[in-house]
Amino acid sequence: MPDEVDELILKMQHLEAQVRAQREAQALEARGKSLRTRAQAELAVAEAAQREGEEKLQRARDPGLKPIVAADLLEEGRRIAQDARTRVVKARARLNFALDQMDEAERREYEALHAQARAETHAQLAEDPMFKGPPPAPTPASPSTSTSPATSNPTSTSTSKPTSNPTAPASPSKSDTPKKTLGRRRPKGGS
């Protein structure tokens with residue numbers, strides 16, 4: 001009974017983790033989409049301003065304009081173009097950040113899917129009799145109350161493993177064996 005309770009608690013923890021991961025992935029994805037939309041709009045505005053500045057620079061080079069008007073147009077075109085270039089760079093950085101956020105959301109969604117698969121696998125394994133292990137050994141009954149031939153017959157075959165085998169050599173435990181330390185690999189060829 002306690003094993004079943006532990007299994008249910010573990011299953012609930014897996015399900016909670018799965019739901020939490022899905023919510024985080026959805027929130028991150030929504031945030032990434034919002035950031036992407038704003039960054040794309042900023043990028044479009046900045047590129048339009050950059051084109052406007054470059055057009056003013058082009059008109060300032062027209063030989064038919066008066067020199068004072070051409071100088072003003074040239075100065076304004078340079079200012080607008082420079083400001084727009086800065087805004088374009090920033091907008092592209094924001095767009096890349098938004099795309100990274102969306103990639104992160106996809107990665108988390110993938111992890112949530114794996115959490116769901118782990119929870120389902122755990123549930124299937126918990127129900128599998130092979131996973132649960134061998135059934136508990138029956139408790140020995142007192143000799144006076146036992147009438148079963150399997151328990152009263154000392155020569156009957158047992159399904160449990162013998163605790164010691166006199167013909168098998170004693171295997172050293174892990175703590176008895178010395179640990180090998182590996183150094184750097186030697187280069188092939190040379191000395």
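Our structure's up above, just so we're on the same page.
Here is a short report on the structure shown in this document. Since the structure is predicted, the reported quantities are computational estimates derived from the model, not experimental observations. (Residues numbered from 1 in each chain as written. Predicted model: local features only at pLDDT ≥ 70, side-chain atom pairs only at ≥ 80, totals over all residues. Heavy atoms only, no water.)

Things to note about the overall build of the protein
Alright, step 1. When its secondary structure is counted, the protein shows 4 helices and 0 strands.
Alright, step 2. Each helix and strand of the protein, placed in order from N terminus to C terminus, yields the pattern α-α-α-α.
Alright, step 3. Counting across all 191 residues of the protein, residues that qualify as buried make up 18%.
Alright, step 4. Looking at the protein alone, contacts between residues at least 24 apart form 82% of all its contacts between residues at least 6 apart.
Alright, step 5. When the accessible area of the protein is evaluated, it comes to approximately 16200 Å², of which 56% is carbon and sulfur surface. (Helix = DSSP H or I, 4+ residues; strand = E, 2+ residues; numbered from the N terminus. Buried < 20%, exposed > 50% of the residue type's maximum accessible area, 1.4 Å probe, protein only. Contact = heavy atoms within 4.5 Å. Areas by Shrake-Rupley, 256 points an atom, 1.4 Å probe, with all protein chains shown as cover.)

Quick look at a negative patch on the surface
Alright, step 1. A surface patch of like charges, here negative, comprises Asp100, Asp103, Glu106 and Glu109.
Alright, step 2. Structurally, Asp100 can be placed in helix H2 (residues 67-127). (Patch = residues over 30% accessible without salt bridge, like charges linked within 9 Å, V, L, I, M, F, W, Y side chains within 5 Å. Salt bridge = Lys/Arg side-chain N within 4 Å of Asp/Glu carboxyl O. Lys, Arg positive; Asp, Glu negative; His and termini not counted. Charge placed at Lys NZ, Arg CZ, Asp CG, Glu CD.)

Overview of the environment of Gln50
Alright, step 1. Among the secondary structure elements, Gln50 is positioned in helix H1 (residues 2-60).
Alright, step 2. Judged by relative accessible area, which is 18%, Gln50 ranks as buried.
Alright, step 3. Ignoring anything within four residues of it in the chain, the contact list for Gln50 reads Ala84, Arg85 and Val88.

Focus: the environment of Asp3
Alright, step 1. Its location among the elements puts Asp3 in helix H1.
Alright, step 2. Separated by 123 residues in sequence, Asp3 and Ala126 place their C-alpha atoms 9.9 Å apart.

A short note on the packing of H1 against H2
Alright, step 1. Put simply, H1 and H2 touch, their axes get as near as 5 Å, and they point 165° apart. With respect to H2, the axis of H1 lies roughly antiparallel. Crossing geometry of H1 relative to H2 is assigned as left-handed.
Alright, step 2. Split into classes, the residues belonging to the contact of H1 with H2 amount to 32 nonpolar, 11 polar and 22 charged. (Axes fitted to C-alpha atoms, helices over the stretch in contact; angles between N-to-C directions. Parallel < 35°, antiparallel > 145°, perpendicular 65-115°, else oblique. Left-handed = near helix turned anticlockwise from the far one by under 90°. Nonpolar A, V, L, I, M, F, W, Y, C, P; charged D, E, K, R; others polar.)

Considering the nonpolar core
Alright, step 1. Residues Ala39, Leu43, Ala46, Val88, Ala91 and Leu95 constitute the largest nonpolar core, which totals 6 residues.
Alright, step 2. Secondary-structure elements contributing two or more residues to this core are H1 and H2.
Alright, step 3. If near-sequence neighbours (up to four positions away) are discounted, Ala46 is found in contact with Ala84, Arg87 and Val88. (Core = buried A, V, L, I, M, F, W, Y, C linked by side-chain atoms within 4.5 Å.)

Let's talk about the side chain of Gln18
Alright, step 1. By the secondary structure assignment, Gln18 is in helix H1.
Alright, step 2. Assessed through its relative accessible area of 9%, Gln18 is described here as buried.
Alright, step 3. Once you skip the residues sitting within four places of it in the chain, Gln18 turns out to touch Ala112, Ala115, Gln116 and Ala119.

Re the pattern of salt bridges
Where charged atoms from two side chains of opposite charge approach closely, those side chains can pair.
Alright, step 1. Within the structure shown, the criterion is met by 9 salt bridges.
Alright, step 2. Across the pair Glu42 and Arg94 runs a salt bridge whose closest N-O atoms are separated by 2.8 Å. One end of the pair, Glu42, is in helix H1; the other, Arg94, is in helix H2, and 52 residues separate them in sequence.
Alright, step 3. Judged by its relative accessible area of 33%, Glu42 is partly exposed.
Alright, step 4. Judged by relative accessible area, which is 43%, Arg94 ranks as partly exposed.
Alright, step 5. Salt-bridge contacts for Glu104 lead to Arg108; the nearest nitrogen and oxygen are separated by 3.3 Å. Highlighted residues: Glu104 and Arg108, both in helix H2, separated by 4 residues, approximately one helical turn.
Alright, step 6. Its relative accessible area of 25% is what places Glu104 among the partly exposed residues.

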